[in-house]
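# Notes for the structure review
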Amino acid sequence: LKALAPAMMDTALWRNQWPKPVEIGGGAGIRWHGGRIVSSYPESMSWDDWHDTAALRIMNTASPIVELADLRHYGDGIKMFAPGTSNFTIRSCYLENMHDDAIEGDWLPGGLIEDTCINGAYMALAFRPRSSDDTSDGRNRLITVRNCLIRVRPQVSVYSGTSPGNASFFKYDTSNGRTPQFAIYNSIFLLEKKPGVNTKGAWVEPGKLVACENVTLVYLDSGDYPVTLPACVTFSRDRSIWDQALATWKSAHGIND
């Protein structure tokens, strides 16, 4: 995993209790480069309150690029909001301790998630339309996940089920199949505990995975894995696989805390 630049935070720091500290939007191809956005909300805050927070929101923008962002301790990490946001690129970002969706695209955009580390989230990749939305359709769009580390871990505040608990890697449309397709390459996934909600999302919905190479999934809970994994995924219970990959990624990207 190669760093885009020697350090993540080379622009600015936001550190406060503010539900939606940064929103970007405008013309096509807008680029967000660097910066650290960290909240000071208490870990015990309710899930409903977490659900109303997002570190970085992208508003009605075609082909946005977010790179080298360091985002920590919010509900959503990167939230692609409204149907005008499409064809995104998320590159060399670090997202830690997200209490809802690490990367959310409710209006089902396609795009690229590359060289990015999600180091703890309630839900990792959320691409399911809202219940009030019967028009968004991502079936002809593709989300490529490449050279990434993605960890789902238990949180104190949960949407449903026992606390501490977590959801899954993928949130997708189970009713009409409108979620985009996925291609996943050279990535490591860690699930610490069986999902208390959205168990089916422990892997990509059958029929939506169009390509998959060199993928490892580490599972730390007891019993069988919640869903059947395709042959392209190497299954393991060895936590050191994740720990070593995380240390290497942090060192390459200048993450020291």
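Just so you know, the residues in each chain are numbered from 1, in the order the chain's sequence is written. Only residues with pLDDT of at least 70 are given local features in this predicted model, and only at 80 or more are side-chain atom pairs given and counted; all residues enter the totals for whole chains, interfaces and linings. Hydrogens and waters are ignored; side-chain quantities use all the structure's heavy atoms.

### Digging into the state of the cysteines
The line we're drawing: Only a pair of cysteine sulfur atoms within 2.5 Å qualifies as a disulfide here. To qualify as a helix, a DSSP run of H or I must reach at least 4 residues; to qualify as a strand, a run of E must reach at least 2; elements of each kind are numbered from the N terminus. With a 1.4 Å probe rolled over the protein chains alone, any residue whose accessible area is under 20% of its type maximum counts as buried; one over 50% counts as exposed, and the rest are partly exposed.
By the definition in use, this model includes one disulfide. Disulfide partner of Cys212: Cys232, at an S-S distance of 2.1 Å. Because the sign of the S-S torsion sets the handedness, a value of about 95° for the bond joining Cys212 and Cys232 places this disulfide among the right-handed ones. Remark: Cys232 occurs in the loop between β17 (209-219) and β18 (233-236) and Cys212 occurs in strand β17; sequence separation between them is 20 residues. In this structure Cys93 is a free cysteine whose sulfur lies 9.6 Å from that of Cys148, the closest cysteine sulfur available. Owing to a relative accessible area of 1%, Cys148 belongs among the buried residues under this scheme.

### Looking at the packing of aromatic side chains
Spelled out, the test is: A pair of Phe, Tyr and Trp rings is counted when the ring centres sit within 6.5 Å of each other, with Trp represented by its six-membered ring. The angle between the planes then sorts it: under 30 degrees is stacked, over 60 is edge-to-face, the rest tilted. As a reminder, the over-ring test applies to NZ of lysine and CZ of arginine, requiring each to be within 6 Å of the ring centre and within 35 degrees of the ring normal.
Counted according to the given criterion, the structure contains 16 aromatic pairs. On the basis of an interplanar angle of 45° and a centroid distance of 5.6 Å, the ring pair of Trp14 and Trp32 is categorised as tilted. Note that Trp14 is positioned in strand β1 (residues 13-16) and Trp32 in strand β3 (residues 31-33), a separation of 18 residues in sequence. For Trp14, a relative accessible area of 30% puts it in the partly exposed group. The buried category is assigned to Trp32, whose relative accessible area is 14%. Pairing Tyr219 with Phe235 gives two aromatic rings, centres 6.3 Å apart and planes at 50°, and the pair type is tilted. In this pair, Tyr219 sits in strand β17 while Phe235 sits in strand β18, placing the two residues 16 residues apart along the sequence. Each residue in the set Phe88, Phe127, Phe169, Phe170, Phe182, Phe189 and Trp203 is aromatic and connected to the rest through ring pairs, giving one cluster. Its guanidinium or amino end placed over the ring of Phe81, Arg57 lies 4.5 Å from that ring's centre, counting from NZ or CZ.

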